[in-house]
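# Structural features, examined
So you can see what is in the structure, the chains are spelled out below.
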Amino acid sequence: TGIQLETGETATEFEHRSYGEELALCQRYYWALAGGTVPIGQIGYGGYTLSNYLNINGGNFPVTMRGNPSFVITNGTNYWAIYRRDANDKFDTLAASTISPSTFSFVGTGNVSGTQADPGTVSADSASAKIHFSAEL
């Protein structure tokens with residue numbers, strides 16, 4: 001810490017950035033929604049459009065990413081769950097539906113079973129479940 005490299009022959013004042021500012025700059029390139037050391041929690045809100053198909057609104061990235069991000073989603077048996085009314089339904093496959101620099105949404109397939117039109121919150125239900133976004137060039 002405390003080092004600043006510059007091109008040229010003239011030094012400028014040392015640039016101090018807050019932790020929050022530095023984090024936001026990093027999140028333009030990479031963000032992990034679930035997996036690894038990221039706490040497992042809600043990844044979106046959605047509902048059954050069919051008894052075997054979920055639409056899930058993931059929401060917004062913490063900061064706008066620098067371009068359309070690529071993503072990695074790790075799936076497996078019972079990796080995901082939708083919590084609805086007084087029950088939860090586990091399912092195996094989560095896929096990206098819409099990804100832009102500012103928002104993301106998913107679909108749930110693969111062993112999905114529920115009542116059409118039922119809403120709920122969707123969460124990772126396994127420590128092995130991962131969702132990572134990258135906007136590296």
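The coordinates are above.
Report on the accompanying structure. Computed from a predicted structure; not experimentally measured.

Mapped onto the secondary structure, Asn78 falls in the loop between strand S4 (70-74) and strand S5 (80-84). Through-space distance from the C-alpha of Asn78 to that of Ala124 is 9.0 Å; in sequence the pair is 46 residues apart. Leaving out residues up to four positions away in the same chain, Asn78 has contacts with Lys90, Phe91, Asp92, Asn111, Asp125 and Ser126.

Spatially, seven strands are ordered S6-S5-S9-S2-S3-S8-S7 in an open sheet, and the strand pairing comes out antiparallel. Among the strands making up the open sheet, the edge pair consists of strand S6 (87-91) and strand S7 (93-99). Averaged over all pairs of adjacent strands, the angle between their axes in this sheet comes to 30°, without regard to strand direction.

A few words on unusual backbone geometry. With a phi angle near 70°, Asn111 is a residue other than glycine that sits in the positive phi range. On the secondary structure map, Asn111 appears in the loop between strand S8 (103-109) and strand S9 (119-124). Judged by relative accessible area, Asn111 falls into the exposed class, the value being 51%. Of note in this structure, Ala117 is not a glycine but carries a positive phi near 80°.

Now for the pattern of salt bridges. Taken as a whole and assessed by the stated rule, the structure comprises six salt bridges. In this structure, Asp118 and Arg84 form a salt bridge, with 3.2 Å as the shortest nitrogen-oxygen distance. Here Asp118, found in the loop between S8 and S9, pairs with Arg84, found in strand S5; they are 34 residues apart in sequence, far enough to count as distant. With respect to class, Asp118 is no different from Arg84; both count as buried.

As for its position among the elements, Tyr45 is in strand S2 (residues 42-50). Using a relative accessible area of 47% as the deciding quantity, one classes Tyr45 as partly exposed. For Tyr45 and Val122, which are 77 residues apart along the polypeptide, the C-alpha to C-alpha distance reads 5.8 Å. Leaving out residues up to four positions away in the same chain, Tyr45 has contacts with Asn55, Ile56, Asn57, Pro119, Gly120 and Thr121.

Counting buried positions along S8 gives five out of seven residues, so the element sits mostly inside the fold. For strand S3 (residues 53-60) and S8, the ladder comprises six bridges, and the chain directions are antiparallel. Within S8, the position partnered with Asn57 by the bridge is Ser105. Where S7 folds back on S8, the antiparallel hairpin that results is connected by three residues.

The next subject is the sheet that holds strand S1 (residues 30-34). If you trace the three strands from one edge of the open sheet to the other, you get S1-S10-S4, paired in antiparallel fashion. The open sheet has two edge strands, S1 and S4, and neither has a second partner. Neighbour-to-neighbour, the strand axes of the sheet open up by a mean angle of 10°, direction not taken into account. Pairing geometry for S1 and strand S10 (residues 130-134), over four bridges, is antiparallel.

What counts, and at which threshold
Residues numbered from 1 in each chain as written. Predicted model: local features only at pLDDT ≥ 70, side-chain atom pairs only at ≥ 80, totals over all residues. Heavy atoms only, no water. Helix = DSSP H or I, 4+ residues; strand = E, 2+ residues; numbered from the N terminus. Contact = heavy atoms within 4.5 Å. Pairing = 2+ DSSP bridges. Axes fitted to C-alpha atoms, helices over the stretch in contact; angles between N-to-C directions. Buried < 20%, exposed > 50% of the residue type's maximum accessible area, 1.4 Å probe, protein only. Salt bridge = Lys/Arg side-chain N within 4 Å of Asp/Glu carboxyl O.

That is the geometry; function is a separate question.
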